[in-house]
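Examining the three-dimensional arrangement
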Amino acid sequence: MLIESAKHYNDYYLKYSYLLCSNAFHDNDFYIIQANETNFLHLTGVHTILSPKEFFQKCYKATLDESDFDFVKEGKSEKEVIGSVRRKINALPHIFDLMQETTLVEENFKKNTISCSFGAGSTYCTLGFSISKTVKPKSLLKGMELDYARSEKLILVLRGAQGAGRFDSLIVGTIKDIQERKEFLGPLLSENLLKLLSVE
C-alpha cells in the first residue's frame with residue numbers, strides 16, 4: 001500500500017497544486033495546496049532512519065524493503081504504533097478523492113495535539129494541512145473527524161501544474177463561482193480561464 005500510494009501521491013499531489021474556496025474559510029479567502037515529497041512519510045505513521053525524501057523515493061520506485069521502516073515511537077508500545085499505522089494505511093488511499101463537491105472542510109482544525117490551517121474530510125479519512133496560506137498535507141486520520149457545526153462543502157477547486165503559478169482547470173464549482181471571486185483570484189488564473197470568464 002505504501003508503494004501504490006506513493007505513485008498516486010506523485011500523480012495527484014506532486015504534479016499539481018490546488019486552490020480551494022469554501023464558506024468555512026474566514027481567515028483566508030482561499031488556500032493553495034502545494035505538497036512535496038517529504039510530506040508523504042508523516043501520512044504513513046511508520047518510523048524510518050531514511051530521510052523523508054529517501055523514504056518517498058523508495059516507495060515511488062518500488063524499492064522499499066521491510067527493513068527500511070519499523071514501528072518504534074518514543075512513549076508508545078509497538079502494538080499502539082502498529083494500530084496507528086494500520087488506521088493511516090487504511091485511510092491513505094482516500095486522500096486522492098478529496099477534491100470533490102461532497103468533501104467538507106473545517107478551518108483551524110484541531111484534533112488532540114494536532115493543529116492545522118484546515119482539515120478536509122470524507123467518510124473514510126480526514127486530512128489536515130499545515131498552518132499557512134500555501135499549505136502541505138500534515139496529518140492523516142481515519143474516518144470523518146471534522147466538527148460538522150464548523151464545516152462546509154468545497155465551493156471551488158482549481159488545479160494547476162505544480163510550480164506553474166497559475167490555475168488552468170476547474171475541478172469543483174462553476175465559472176460563475178470564479179467570477180464572484182475574480183477580484184482576488186484573477187492574478188492566479190490561466191489565460192484560458194480568464195477567457196472563459198470574459199465569455200461568461
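Above: the structure in question.
Residues numbered from 1 in each chain as written. Predicted model: local features only at pLDDT ≥ 70, side-chain atom pairs only at ≥ 80, totals over all residues. Heavy atoms only, no water.

**Digging into the layout of surface pockets**
If you add up the space inside the largest pocket, you get close to 740 Å³. In this structure, the largest pocket is lined by 24 residues; those nearest its centre are Lys-73, Lys-76, Ser-84, Lys-88 and Leu-141. Ranked by residues supplied to the lining of the largest pocket, first place goes to helix 4 (residues 78–91) with 6 residues. (1 Å grid on protein atoms, 1.4 Å probe; cavity = no way out; pocket = protein on both sides within 12 Å on 5 of 7 lines; lining within 4 Å. Points joined across faces, edges and corners; volume = space filled by probe spheres on them. Helix = DSSP H or I, 4+ residues; strand = E, 2+ residues; numbered from the N terminus.)

**Some words on the pairing of strand 10 (residues 152–161)**
Of the strand pairs in this sheet, strand 1 (residues 16–22) and strand 10 are connected by 7 bridges, and their pairing is antiparallel. Counted as the bridge partner of Ser-22 is Leu-154 from strand 10. Both strand 3 (residues 104–107) and strand 10 contribute to a ladder of 2 bridges, which runs antiparallel. Paired with Val-105 across the strands is Glu-152, a residue of strand 10. Sheet topology note: the strand 10/strand 11 (residues 169–172) ladder contains 3 bridges and is antiparallel. (Pairing = 2+ DSSP bridges.)

**Observations concerning the state of the cysteines**
Under the definition given, this model contains 0 disulfides. Of all cysteine sulfurs, the one in Cys-116 lies closest to Cys-125, which takes part in no disulfide; the gap is 13 Å. (Disulfide = S-S within 2.5 Å.)

**Quick word on the environment of Arg-87**
With respect to the element layout, Arg-87 can be found in helix 4. When the C-alpha positions of Arg-87 and Leu-188 are compared, they lie 37 Å apart, and in sequence the two are 101 residues distant.

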